[in-house]
Amino acid sequence: MLDINVYSVINSIIGACILIILCLFLEKLVVRRKITCTVYFFLIPFLLARLLFPFEIVNKTNFIQVSKVLPSIIQFFRTELLGLPFPAQGLHISINMITLATLFLPFISVLRCLKVTSRYYYLYKRLKYISPSHDERILKILADIQEKKNFKFSVRIIQNRFVGSPFEFGFFKQTICLPFVDYSDEELYFILTHELYHFKSRSNWLKFLNNVLAAIFWWNPLISFYHASVTSIIEINCDEYATMGFSDHLKAKYLACLLKELDKGQEKKESQFIHFLSSDSNSLSKRFQFLTGKHRKSKILCGLSAFAIVTAFFASYFFMVLPYFDVPASEIQTPKFTKENSYMIRKGDSYVIYFDNEPYIYLDCFDEFFSDLPIIEKTTN
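Residues numbered from 1 in each chain as written. Predicted model: local features only at pLDDT ≥ 70, side-chain atom pairs only at ≥ 80, totals over all residues. Heavy atoms only, no water.

Visitor: Explain helix H11 (residues 299-318) residue by residue, including any values.
Guide: Look at H11: 29 Å from first C-alpha to last across 20 residues, which is about the 28 Å you get at 1.5 Å a residue. Within the span of H11, buried status applies to Cys302, Ser305, Ile309, Phe313, Ser316 and Tyr317. Along the long axis of H11, the arc covered by the buried residues comes to 125°, so they all point the same way. Among the exposed residues of H11, those pointing more than 90 degrees away from its buried face are Lys299, Ile300, Leu304 and Phe307. (Helix = DSSP H or I, 4+ residues; strand = E, 2+ residues; numbered from the N terminus. Expected span 1.5 Å × (residues − 1). Buried < 20%, exposed > 50% of the residue type's maximum accessible area, 1.4 Å probe, protein only. Arc of directions from axis to C-beta.)

Visitor: Please give an account of the packing of helix H2 (residues 37-52) against H11 that cites residues and values.
Guide: One way to put it is that H2 packs onto H11 with a least axis distance of 10 Å and a crossing angle of 5°. The orientation of H2 relative to H11 falls into the category roughly parallel. For the pair formed by H2 and H11, the contact residues are Val39, Phe42, Leu43, Phe46, Ala49 and Arg50 on the first element and Cys302, Ser305, Ala306, Ile309, Val310, Phe313, Ser316 and Tyr317 on the second. When grouped by side-chain class, the residues that make up the contact of H2 with H11 number eleven nonpolar, two polar and one charged. (Axes fitted to C-alpha atoms, helices over the stretch in contact; angles between N-to-C directions. Parallel < 35°, antiparallel > 145°, perpendicular 65-115°, else oblique. Contact = heavy atoms within 4.5 Å. Nonpolar A, V, L, I, M, F, W, Y, C, P; charged D, E, K, R; others polar.)

Visitor: Pulling in residues and values, what's your account of the nonpolar core?
Guide: One finds Leu26, Leu47, Ile176, Leu178, Leu192, Leu196 and Tyr226 to be the most contacted residues of the largest nonpolar core, which totals 66 residues. Sequence-distant contacts of Ile176, that is, excluding residues within four places in its chain, are made with Val155, Arg156, Ile157, Ile158, Phe167, Glu168, Leu192, Glu195, Leu196 and Phe199. (Core = buried A, V, L, I, M, F, W, Y, C linked by side-chain atoms within 4.5 Å.)

Visitor: So, the pattern of salt bridges: which residues are in play, and what are the values?
Guide: Enumeration over the complete set of coordinates arrives at eleven salt bridges. When the shortest N-O distance is used, the salt bridge between Lys286 and Glu27 registers 2.6 Å. You can see Lys286 sitting in helix H10 (residues 281-292) and its partner Glu27 sitting in helix H1 (residues 6-31), a full 259 residues away along the chain. For the residue pair Lys286 and Glu27, the accessibility class agrees, reading buried in each case. Between Glu168 and Lys207 there is a salt bridge; the shortest N-O distance is 2.6 Å. With Glu168 in strand S7 (residues 167-169) and Lys207 in helix H7 (residues 203-216), the pair connects residues that are 39 residues apart, well separated along the chain. For the pair Glu168 and Lys207, one class covers both residues: buried. (Salt bridge = Lys/Arg side-chain N within 4 Å of Asp/Glu carboxyl O.)

Visitor: Let's hear about the sheet that holds strand S6 (residues 156-159): which residues, and what values?
Guide: Strands sit in the order S6-S8-S7 across an open sheet of three strands; the sheet is mixed. Single-partner strands in this sheet number two, and they are S6 and S7. The average undirected angle you get between the axes of adjacent strands in this sheet is 25°. The pairing of S7 with strand S8 (residues 175-178) spans three bridges and is classified as antiparallel. Within the sheet, the bridge partner assigned to Glu168 lies in S8 and is Ile176. (Pairing = 2+ DSSP bridges.)

Visitor: Describe the pairing of S8, listing the residues and the values that go with them.
Guide: Here S8 shows two buried faces, one formed by Thr175 and Cys177 and the other by Ile176 and Leu178. The pairing of S6 with S8 spans four bridges and is classified as parallel. Bridge pairing in S8 links Ile158 to Cys177. Taking the residues that link successive antiparallel strands as the turn, the S7-S8 hairpin has five residues, and the phi of Gly170 there is positive, at about 115°.

Visitor: Quick one: what's the story with a nonpolar patch on the surface, residue by residue and with numbers?
Guide: Together, Leu103, Phe104, Phe107, Ile108, Val110, Leu111 and Leu114 give the surface a local cluster of nonpolar side chains, amounting to about 670 Å² of exposed area. Following the sequence through the fold, Leu111 ends up in helix H4 (residues 97-128). Here Leu111 falls in the partly exposed class, since its relative accessible area comes to 45%. (Patch = residues over 30% accessible without salt bridge, like charges linked within 9 Å, V, L, I, M, F, W, Y side chains within 5 Å. Areas by Shrake-Rupley, 256 points an atom, 1.4 Å probe, with all protein chains shown as cover.)

Shape is all these values report; function is a separate question.
This is the structure we're talking about:
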């Protein structure tokens, strides 16, 4: 049976952080050509599932008690920041860090998601009314690539003075945007092939998902590293397909083209030019290392990496980190359990005692001490 509580949400965040750390490790293996990009992308749905389904598997979870760091964090978040008394109603509302986080984190996440989607929509509106390019040389090179690579989808090419560097855009109507630059035929071949493989691999969808994920979980300190990692691997994946069958000489020319575009992008960075998910110098260094590497991918290492992903994902559900509070006996205050303030929920053979509508005690079996409390049967799924 599945259950959601505060600690299962905390455990979900911890499990996601472990998967992100594993993701960063796999990125290094991809850059060194030890494993394929497919193995790296295999981790992403597991990470999404861990964040979106913060469940505890009741009666199957092994608890790991942490006695120092986690209790201090829990106490910090539970410390009352503001009390709002209502004497007439006999109420006292306590506001702590958990209350503030519950209110403001989702609000800021929604704002950031709106910013991401509005950016996409704004770019869509700007590109919608730009006429496609009629440059016969560009269109001929595009047609040759599509025929050679057997690309069946249609692509629109536009050129505009506000485009700082080449990029692809569009989920259903694919568009390649080029600046007004006098590219050589070879450079156009490199650029168009790379952008076409973005459409072939559906990486534009993954880019959007990656941006939304970073916007929702912006408060996670590791999410920015994950976002940059996914962006780099997306580009590396397209680089690998675009340079497949290239000699070392052609790869050198391809890399020179990338470097040339990066230099132009940095020159125009402060202007009003469009830069859509362009790679920074750190990402470009990873692409250089990948394309110049001579290592052969290891099937054994690919298999072990996939096994590590699956193991880490399922292990995060069967182990839960809980705070251990070492309270002196003199400070222990046992509440008085009555029918008015307490009840029991039965989960299989175990029981959970709720005090003031919050889980207070977990029992492996029925205890006569609580026999006067009402019992609620929790249905299993």
